[in-house]
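# Observations on the model geometry
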Amino acid sequence: MTAKPNRDALLATAHTHMPMGVADSYRYWGDENTVFVKSMKGCTITDEDGQTFVDFRLAYGPIILGYRDERIDNAVISSIQNIGTMTGFSTRMDSEVIELVKSMCPQIEKMRFANSGTEAVLGAIRTARGYTGKNKVVVVEGGFHGLYDEMMWKPDVDSWDPESGTIPEIKSFGGGIPEASREHLETVSLNDADALDEVFARVGDDIAAIVIEPIMGNCGSIASTQEYMQKLRDICDQHGSLLIIDEVKTGFRVAKGGAQELYGIYADLTTYAKAMGNGYPVAAFGGKAAIMDKISFGKDGVTHGGTYTANLIALSAAKATLTTLRDTDALDSINATGKKIQGILAKVFDKFGVEHRFAGPDSMFGIHLGTIVPQNYRDWKQTNSDLYTEFAHNLIKQGVMLEPDSREPWFICEAHKNMDFDWLEQVANDAMQQALQS
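What you see is a predicted model, and the numbers here were worked out from it, not measured in a lab.

This next bit is on the environment of Val373. Residue position: Val373 is located in the loop between β14 (364-369) and α11 (377-380). Not counting residues within four places of it along the chain, the set of residues in contact with Val373 comprises Arg357, Phe358 and Ala359.

As structure tokens, then:
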């Protein structure tokens with residue numbers, strides 16, 4: 001293993017200041033693998049010890065154009081210099097950004113801003129409950145909807161035995177999460193129409209909303225079928241519940257109009273973040289005007305706000321990013337590059353006789369080693385995730401950065417079109433050969 005003296009020193013210091021030595025628990029990969037980034041540009045990051053990586057992690061998806069894209073950074077700098085950062089009042093840019101979203105996303109009639117995907121989901125669910133007067137929320141196994149208590153109840157697929165004849169146990173995603181936070185949460189398996197019928201038959205009178213990632217950004221881009229999406233739309237309409245489509249990862253990435261453009265099925269409320277600002281912290285939720293107008297003062301109005309909401313750094317980044325995505329061929333280029341990379345990886349897998357399947361769109365594809373494309377989170381358990389993890393760690397050693405967990409997709413940005421694809425094939429070849437020999 002390559003020595004990382006600068007990283008080791010930084011992590012030792014960080015351990016004295018932060019739990020686990022990191023500002024976000026998911027950044028800790030153990031004392032021998034945690035990454036400290038010194039600089040980033042385009043599709044690459046360089047660590048504190050001078051190793052440069054071609055990055056397919058892209059901060060879990062926000063980087064849609066490339067790190068330090070001058071089109072976006074210059075717009076932010078100009079906004080800071082000529083307007084400011086925040087005042088706690090409204091600006092013309094609030095509506096300008098929403099008009100851009102509406103030009104690509106026909107289901108959006110009104111919106112509110114947030115600072116993260118977690119905040120956007122929280123706002124959408126609160127609005128759905130306020131509008132419907134109902135309490136329960138149905139979530140789909142394998143989806144990720146932020147780090148607040150109610151959304152941190154997950155099926156324990158890692159410990160589950162598919163041969164047991166049982167279903168995965170629902171557990172809290174860590175300590176500090178009270179049992180009471182689960183009171184109004186129901187969980188169903190993806191692409192299982194019978195499970196939807198069962199939950200609505202049991203508690204349908206009190207279901208405020210179903211929340212779903214149609215393409216699961218934390219589950220190898222496992223996707224809903226067209227029929228399942230239509231089932232969701234129909235059953236919500238039938239019972240007076242709202243369909244919330246979480247596009248925190250897919251929004252403005254998989255298509256200009258997000259996953260909903262691909263399916264042609266539209267939500268009552270939608271959440272956005274990630275690619276919306278090419279790395280700047282901006283998020284939003286919105287949908288039908290009649291529902292969003294429930295956000296108001298008064299006894300029955302839904303409360304929404306935040307000191308940093310719609311700050312000008314975030315909005316100027318969103319305005320520049322969304323304009324670029326709408327008015328250029330950036331997404332076409334990203335998709336073409338993603339397809340090319342899948343072709344390279346397929347060639348390597350085939351060379352070594354490794355069964356594999358790709359899932360999801362070209363801009364955020366999942367890799368599942370095995371003979372099936374998983375149809376739900378439980379199916380993921382049947383893939384060879386151990387081989388994938390070994391392959392991923394070998395790639396990282398050779399300068400390809402990705403998440404070692406196969407539940408995370410490969411994210412592609414516009415800057416990847418300029419990478420050395422022959423080098424990627426050689427590195428992938430070496431990484432798989434080493435994985436199979438270990």
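What follows covers the sheet that holds strand β3 (residues 52-55). Adjacent strands of a sheet form backbone hydrogen bonds with each other and so pair up, either parallel or antiparallel. What the 4 strands build is an open sheet, ordered β1-β2-β3-β15; its pairing is mixed. Only two strands of the sheet have a single neighbouring strand rather than two, namely β1 (37-41) and β15 (400-401). Looking at chain direction, β3 and β15 are connected through 2 bridges and run parallel. In the sheet register, Asp55 faces β15, and the bridge partner there is Met401.

Turning to empty space enclosed by the protein, a few remarks are in order. A full pass over the atoms with the stated rule returns 1 cavity of 30 Å³ or more. There is about 30 Å³ of room inside the largest cavity. For the largest cavity, the full set of lining residues is Phe56, Arg57, Tyr60, Leu402, Glu403, Glu408, Pro409 and Phe411. Looking at the lining of the largest cavity residue by residue, the classes come out as 5 nonpolar, no polar and 3 charged.

It is worth spelling out the sheet that holds strand β13 (residues 356-359) at this point. Spatially, 3 strands are ordered β13-β14-β16 in an open sheet, and the strand pairing comes out antiparallel. If you trace the sheet from one side to the other, it starts and ends with β13 and β16 (410-411), each paired once. Examined bridge by bridge, β13 and β14 share 4 bridges and lie antiparallel to one another. Paired with His356 across the strands is Leu369, a residue of β14.

Let us look at a nonpolar patch on the surface. A surface patch of nonpolar side chains, amounting to about 270 Å² of accessible area, comprises Tyr26, Leu147 and Phe173. For Leu147, the position within the fold is in the loop between β5 (136-140) and β6 (153-155). The class of Leu147 is partly exposed, set by a relative accessible area of 44%.

Cut-offs and rules
Residues numbered from 1 in each chain as written. Predicted model: local features only at pLDDT ≥ 70, side-chain atom pairs only at ≥ 80, totals over all residues. Heavy atoms only, no water. Helix = DSSP H or I, 4+ residues; strand = E, 2+ residues; numbered from the N terminus. Contact = heavy atoms within 4.5 Å. Pairing = 2+ DSSP bridges. 1 Å grid on protein atoms, 1.4 Å probe; cavity = no way out; pocket = protein on both sides within 12 Å on 5 of 7 lines; lining within 4 Å. Points joined across faces, edges and corners; volume = space filled by probe spheres on them. Nonpolar A, V, L, I, M, F, W, Y, C, P; charged D, E, K, R; others polar. Patch = residues over 30% accessible without salt bridge, like charges linked within 9 Å, V, L, I, M, F, W, Y side chains within 5 Å. Areas by Shrake-Rupley, 256 points an atom, 1.4 Å probe, with all protein chains shown as cover. Salt bridge = Lys/Arg side-chain N within 4 Å of Asp/Glu carboxyl O. Buried < 20%, exposed > 50% of the residue type's maximum accessible area, 1.4 Å probe, protein only.

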